[in-house]
Amino acid sequence: MHISIITLFPEMFSGAFDASIVKRAKEKGKLHIHLVNLRKFASDTYGTVDDHPYGGGTGMVLRVDVIDRALKHTRTLIKEGTPRVILMTPQGETYTQKKARQLSTADHLILLCGHYEGVDERVRALVDEEISIGDYVLTGGEIPAMVLTDSIARLLPDVLVKADATTNESFEQSMLEYPHYTRPEIYGDARVPAVLLSGNHKNITKWRQEQALEKTRKRRPDLLLREKKDLA
Ligand code: ADE
């Protein structure tokens with residue numbers, strides 16, 4: 001898969017993409033990341049990408065013509081498949097694990113990072129969808145683009161070591177994950193639950209299902225309601 005990121009701050013991505021799973025996905029040739037510097041598509045020699053809002057007000061707005069040129073260029077970077085263009089914005093649809101799964105099957109994702117007060121409203125007609133990573137405002141779309149890339153990279157085939165490593169975890173079954181334990185068996189007065197030491201796999205599976213359900217009921221009952229609605 002290819003992920004292109006259009007940004008004014010390509011330097012923000014080194015570090016985040018050079019460690020752990022994203023690094024492994026790149027090294028295995030499963031993920032190719034292309035950083036596209038929006039400033040290169042400025043209409044003047046000063047590299048101007050933004051302007052004052054019509055009607056007045058504070059802050060600057062990213063220009064539609066600059067973004068359009070950057071998008072046209074980025075669409076041609078990869079020949080296979082049709083690119084899917086996503087604007088990172090707090091006004092978008094809230095990101096979920098289900099969305100990560102959907103996006104992980106694309107050939108080429110183009111993530112457009114907004115900045116300043118936002119983008120010219122006409123940019124919305126140039127993208128396929130808008131995604132928010134939560135109800136809070138960041139200074140730009142770079143961290144949200146990292147979040148999408150990380151969550152997608154670990155879902156790509158042959159990136160995680162164990163094939164089922166992603167199917168049991170939190171949110172995949174609309175539930176939080178069951179509790180995990182490792183050595184030591186006793187830490188202070190906290191013991192590993194006896195069932196996990198029993199070697200009885202049927203009982204262990206049952207216990208884990210009950211624990212996951214109980215944890216979800218207590219902490220995130222909304223997930224269970226959402227699941228019911230999806231099934232209805
Ligand atoms: N840009 C600024 N805040 C954001 C958010 N919460 N999600 C996506 N893009 C953003």
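Above this note sits the structure.
Residues numbered from 1 in each chain as written. Predicted model: local features only at pLDDT ≥ 70, side-chain atom pairs only at ≥ 80, totals over all residues. Heavy atoms only, no water.

Caption draft 1: Region of interest: helix α2 (residues 64-75). Spanning 12 residues, α2 covers 16 Å between terminal C-alpha atoms, matching the ideal 16 Å at 1.5 Å per step. Those residues of α2 that are buried are in contact with β1 (2-7), β2 (32-37), β4 (61-62), β5 (84-94) and β6 (108-113). (Helix = DSSP H or I, 4+ residues; strand = E, 2+ residues; numbered from the N terminus. Expected span 1.5 Å × (residues − 1). Contact = heavy atoms within 4.5 Å.)

Caption draft 2: Spotlight on the site of the ligand. Around the ligand, the neighbouring residues are M88, T89, P90, I131, S132, I133, G134, Y136, V137, L138, G140 and P144. Within the backbone of G134, a nitrogen or oxygen atom sits 3.2 Å from a nitrogen atom of the ligand. In isolation the ligand exposes 260 Å². Once the protein is present, 96% of that is buried. Those elements that place two or more of their residues in the shell around the ligand are β5 and β7 (129-132). Sorting elements by how many residues they give to the shell around the ligand places β5 first, with 3 residues. Across the shell around the ligand, the residue classes break down as 8 nonpolar, 4 polar and no charged. (Near = heavy atom within 4 Å. Polar contact = N/O pair within 3.5 Å; in protein donor to acceptor, adjacent residues only side chain to side chain. Areas by Shrake-Rupley, 256 points an atom, 1.4 Å probe, with all protein chains shown as cover. Nonpolar A, V, L, I, M, F, W, Y, C, P; charged D, E, K, R; others polar.)

Caption draft 3: Spatial organisation of the sheet that holds β6. Spatially, 5 strands are ordered β2-β1-β6-β5-β7 in an open sheet, and the strand pairing comes out parallel. If you trace the sheet from one side to the other, it starts and ends with β2 and β7, each paired once. Each neighbouring strand pair of the sheet contributes to a mean axis angle of 30 degrees, computed without reference to strand direction. Where β5 lies against β7, 5 bridges are found, and the strand directions are parallel. The partner of E93 across the bridge, within β7, is I131. (Pairing = 2+ DSSP bridges. Axes fitted to C-alpha atoms, helices over the stretch in contact; angles between N-to-C directions.)

Caption draft 4: Inspection of the nonpolar core at higher detail. Counting 28 residues, the largest nonpolar core has L109 and L148 as its most contacted members. Here the element with the most residues in this core is helix α4 (residues 142-153); it accounts for 5 residues. Those residues in contact with L148 that lie beyond four places of it in its chain are I86, M88, Y95, L103, L111, I131 and I133. One finds V49, L71, V123 and V127 within the second-largest nonpolar core, a separate group that totals 19 residues. (Core = buried A, V, L, I, M, F, W, Y, C linked by side-chain atoms within 4.5 Å. Buried < 20%, exposed > 50% of the residue type's maximum accessible area, 1.4 Å probe, protein only.)

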